[in-house]
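A structural walkthrough
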Number of protein chains: 2
Amino acid sequence: MIIAKPLTAAGFAAYGDVIEAAGAPSFMINAGKCTRFHDLARMDCDGGRMGISLAHAMPCEMPLTLTMIERHPLGSQMFMPLNDAPFLVVVSDGPSATPRAFLTNGAQGVNYHRGTWHGVLTPLFAPQSFLIVDRIGAGSNVQEHFFQTPFRITIPDA
Amino acid sequence: MIIAKPLTAAGFAAYGDVIEAAGAPSFMINAGKCTRFHDLARMDCDGGRMGISLAHAMPCEMPLTLTMIERHPLGSQMFMPLNDAPFLVVVSDGPSATPRAFLTNGAQGVNYHRGTWHGVLTPLFAPQSFLIVDRIGAGSNVQEHFFQTPFRITIPDA
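Since the structure is predicted, the reported quantities are computational estimates derived from the model, not experimental observations.

Let us now look at the sheet that holds strand β6 (residues 49–57) of chain B. Strand order in the open sheet formed by 7 strands is β4(A)-β5(A)-β6(B)-β14(B)-β8(B)-β11(B)-β3(B), with antiparallel pairing between adjacent strands. Both outer strands of the open sheet, β4 (27–29) of chain A together with β3 (16–19) of chain B, are each paired with one neighbouring strand and no more. Across the sheet, the mean angle separating the axes of adjacent strands is 25° when strand polarity is ignored. When β6 of chain B meets strand β14 (residues 128–136) of chain B, the two strands line up antiparallel, connected through 9 bridges. Its bridge partner being in β14 of chain B, His56 of chain B is matched across the sheet by Ser129 of chain B.

What follows deals with the relation of the copies chain B and chain A. Overlaying chain B with chain A gives an RMSD of 0.0 Å, the required rotation being 180° about an axis along which the chain moves by 0.0 Å. Within this description, the copies of the chain are treated as partners about a two-fold rotation axis. A symmetric contact is evident, with 100% of the interface residues of chain B recurring at the interface of chain A.

Contacts between chain B and chain A engage 39 residues on the former and 39 residues on the latter. A buried area of about 3100 Å², summed over both sides, lies between chain B and chain A, and 60% of it is on carbon and sulfur atoms. Considering only the surface of chain B that becomes buried against chain A, Lys33, Ile52 and Leu54 of chain B emerge as the three largest contributors, covering 22% of it. Remark: the boundary between chain B and chain A carries 4 salt bridges.

Turning next to the environment of Ala21 of chain B. Mapped onto the secondary structure, Ala21 of chain B falls in the loop between β3 and β4 (27–29). Linking Ala21 of chain B and Met43 of chain B, residues 22 residues apart in sequence, is a C-alpha distance of 18 Å. Not counting residues up to four positions away in its chain, the partners in contact with Ala21 of chain B are Leu54 of chain A together with Phe37 of chain B.

For the rest of this paragraph, the subject is unusual backbone geometry. Residues other than glycine predominantly adopt negative phi, and peptide bonds predominantly adopt the trans conformation. Residue and element names in this part refer to chain A. Residue Met62 is joined to Pro63 through a cis peptide bond whose omega torsion reads -5°. Following the sequence through the fold, Pro63 ends up in the loop between β6 (49–57) and β7 (64–71). The phi angle at Asp39 is positive, at roughly 60°, despite the residue not being glycine. Residue position: Asp39 is located in the loop between β5 (34–37) and β6. Judged by relative accessible area, Asp39 falls into the partly exposed class, the value being 28%.

Of the residues in chain A, 100% reach a pLDDT of 70 or more, and the chain-wide mean stands at 96. Reported confidence for the predicted complex is 0.95 by ipTM and 0.96 by pTM.

On to the pattern of salt bridges, then. Tallied over the entire structure, the rule returns 10 salt bridges over all chains. For Asp39 of chain A, the salt bridge goes to Arg49 of chain B, with nearest N and O atoms at 2.5 Å. With one member in each of two chains, Asp39 of chain A in the loop between β5 and β6 and Arg49 of chain B in strand β6 form a pair that bridges those chains. Note that Arg114 of chain B and Asp44 of chain B form a salt bridge whose closest N and O atoms lie 3.2 Å from each other. Here Asp44 of chain B lies in the loop between β5 (34–37) and β6 and Arg114 of chain B lies in the loop between β11 (109–112) and β12 (117–118), a separation of 70 residues in the sequence.

Looking now at the packing of aromatic side chains. All names here are of chain A. Per the counting criterion, the structure on display carries 12 aromatic pairs over all chains. When the centroid spacing of 5.0 Å and the interplanar angle of 80° are considered together, the rings of Phe87 and Phe130 count as edge-to-face. With Phe87 in strand β9 (residues 87–92) and Phe130 in strand β14 (residues 128–136), the pair connects residues that are 43 residues apart, well separated along the chain. The residues Phe87 and Phe130 share a single accessibility class, namely buried.

Looking now at the sheet that holds strand β8 (residues 77–81) of chain A. The sheet built from 7 strands is open, its strands ordered β3(A)-β11(A)-β8(A)-β14(A)-β6(A)-β5(B)-β4(B) with antiparallel pairing. Every interior strand has two partners, whereas the edge strands, β3 (16–19) of chain A together with β4 of chain B, have only one. Adjacent strand axes in the sheet meet at a mean angle of 25°, parallel and antiparallel pairs treated alike. Pairing of β8 of chain A with strand β11 (residues 109–112) of chain A, which is carried by 3 bridges, proceeds in the antiparallel orientation. Bridge assignment links Met78 of chain A to a residue of β11 of chain A, and that residue is Asn111 of chain A.

The rules behind these values
Residues numbered from 1 in each chain as written. Chains lettered and ligands numbered in written order. Predicted model: local features only at pLDDT ≥ 70, side-chain atom pairs only at ≥ 80, totals over all residues. Heavy atoms only, no water. Pairing = 2+ DSSP bridges. Helix = DSSP H or I, 4+ residues; strand = E, 2+ residues; numbered from the N terminus. Axes fitted to C-alpha atoms, helices over the stretch in contact; angles between N-to-C directions. Least-squares fit on C-alpha atoms with pLDDT ≥ 70 in both. Contact = heavy atoms within 4.5 Å. Buried area = accessible area lost by both parts, 1.4 Å probe. Salt bridge = Lys/Arg side-chain N within 4 Å of Asp/Glu carboxyl O. Buried < 20%, exposed > 50% of the residue type's maximum accessible area, 1.4 Å probe, protein only. pLDDT = per-residue confidence, 0-100. Phe/Tyr/Trp six-rings, centres within 6.5 Å; stacked < 30°, edge-to-face > 60°.

Pasting the structure below:
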């Protein structure tokens with residue numbers, strides 16, 4: 001059983017960016033009424049263009065039975081939750097590696113770098129909406145890998 | 001006094017896009033466990049690149065005293081709230097026009113098209129966090145106009 005660890009920028013750096021208002025704000029805007037945490041994700045797009053979409057995902061039962069991972073060779077992919085509920089983030093160094101699981105703190109999103117193997121959106125306990133920023137365009141931008149033996153993943157105290 | 005109207009895609013079309021999960025989803029993803037509302041915003045960037053940031057904005061008292069509007073000649077700018085609270089959206093046809101005000105329904109964000117005159121982020125009643133997708137790069141990308149006589153704007157039943 002894989003137990004998810006708390007998501008941190010350092011722990012996730014090999015896979016992507018953590019979208020969060022961590023540390024001091026980059027600067028103030030709007031005459032001091034607004035703090036801005038600036039330029040948090042490496043957006044990356046080979047052909048096509050980046051676009052903005054929404055997703056509404058159903059929750060997954062814990063422990064999760066992870067049957068597949070996927071990656072997008074042509075572009076990065078950002079998911080930001082539109083409420084303050086944690087979700088599970090699964091990434092992998094490749095089809096033959098053991099996946100890694102992270103639990104967000106409720107205020108974090110993720111930006112998978114181009115080519116990062118990852119699981120699909122995994123809300124916990126309730127449906128969850130996400131803003132997505134990813135590549136839109138022609139070309140084959142998804143590769144899937146199905147495990148012969150699924151992995152079991154859970155969150156602490158689940 | 002300007003009274004904000006409900007934000008709709010049709011009413012806002014001259015100024016930008018409404019980011020919302022309206023109507024039927026574009027398609028299903030993740031083996032049917034996730035609905036996707038696809039490609040909701042016209043992202044537009046002259047030079048530089050689009051980036052992802054976060055903002056944490058303080059609330060504004062109603063009625064709002066609108067002293068200025070601004071626009072970004074080099075890129076579009078998207079704001080998506082990270083909770084389900086409505087916020088006030090102010091746009092204008094130009095410095096000599098009377099501004100228009102819209103109230104979101106709590107599940108909507110906005111994408112100002114390049115060059116749209118707009119007010120700054122205007123949460124109501126409580127601080128609010130937003131995901132931003134806008135242009136990052138060199139060049140002068142903000143123009144401000146200060147009104148000689150500020151406008152007063154409010155929301156219904158405020």
